[in-house]
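One-letter residues, chain by chain:
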Amino acid sequence: MSTAFSLAPLFRSSVGFDRFNDLFETALRNEPGSSYPPYNVEKHGDDEYRIVVAAAGFQEDDLDLQVEKGVLTISGGKREASNDSVTYLHQGIAQRAFKLSFRLADHIEIKSAGLSNGLLSIDLLRVIPEEAKAKRIPINGAQQQPALQN
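Residues numbered from 1 in each chain as written. Predicted model: local features only at pLDDT ≥ 70, side-chain atom pairs only at ≥ 80, totals over all residues. Heavy atoms only, no water.

**Student:** What is the right way to read the pairing of strand β2 (residues 48-54) from this model?
**Tutor:** On any regular strand, side chains alternate: one points to one face of the sheet, the next to the other face. Pairing of strand β1 (residues 39-43) with β2 involves five bridges; the strand directions are antiparallel. The residue bridging Val 41 from the neighbouring strand is Ile 51, located in β2. Hairpin remark: β1 followed by β2, antiparallel, with four residues in the connecting loop; positive phi at Gly 45, about 85°. (Pairing = 2+ DSSP bridges. Helix = DSSP H or I, 4+ residues; strand = E, 2+ residues; numbered from the N terminus.)

Spelled out as structure tokens, the structure:
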């Protein structure tokens, strides 16, 4: 049974919302392994966001952040084993490689990123340029025409 369905009827009377359709389709895809590592997407105020990734066992050098064409990609690679004489009886802290991608909305910029206590925090800020902000348009009804002089 296929889980694919079309959202086209929702977008018939709207203009410029193609990206929302792409976001829904991406969210509905069940990609195996996409739940590692766990992460939160938080909203702090109207224009501030934070992505928090549980990166237990990773160091700053093991992680890579890139933004390309509006997509934030977070990847982590497993370090080379520094102590070959260790034999794990149980290894519950996963340090496998991962890659997470987040599609950023227009005007979202990366403000900062930091790794503390095994959590990678990426602060995002929406910066809307003046030309993209809402403007009030005055309605000039019954304009008076200047009287013509003869």
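Following the structure, the description resumes.
**Student:** How do you make sense of the nonpolar core when you look at a structure like this?
**Tutor:** For soluble globular proteins, nonpolar side chains are generally found buried alongside one another. Grouped together as the largest cluster of nonpolar side chains are 17 residues, with contacts concentrated most on Ile 51, Leu 72, Ile 74, Phe 98, Ile 122 and Leu 124. Those elements giving two or more residues to this core turn out to be β2, β4 (71-76), β5 (98-103) and β7 (119-126). Not counting chain neighbours up to four residues away, the residues in contact with Ile 74 comprise Val 53, Asp 64, Leu 65, Phe 98, Lys 99, Leu 100, Phe 102, Leu 120 and Ile 122. (Core = buried A, V, L, I, M, F, W, Y, C linked by side-chain atoms within 4.5 Å. Buried < 20%, exposed > 50% of the residue type's maximum accessible area, 1.4 Å probe, protein only. Contact = heavy atoms within 4.5 Å.)

**Student:** Explanation requested: the sheet that holds strand β3 (residues 63-68) in the structure shown.
**Tutor:** On the basis of which strands lie adjacent, the open sheet formed by three strands has the order β3-β4-β5 and antiparallel pairing. Because the sheet does not close on itself, it has two edges, and the strands there are β3 and β5. Between one strand axis and the next, the sheet turns through 15° on average, direction left out of account. Here β3 runs beside β4; their pairing, made up of six bridges, is antiparallel. Its bridge partner lying in β4, Leu 63 is registered against Gly 76. (Axes fitted to C-alpha atoms, helices over the stretch in contact; angles between N-to-C directions.)

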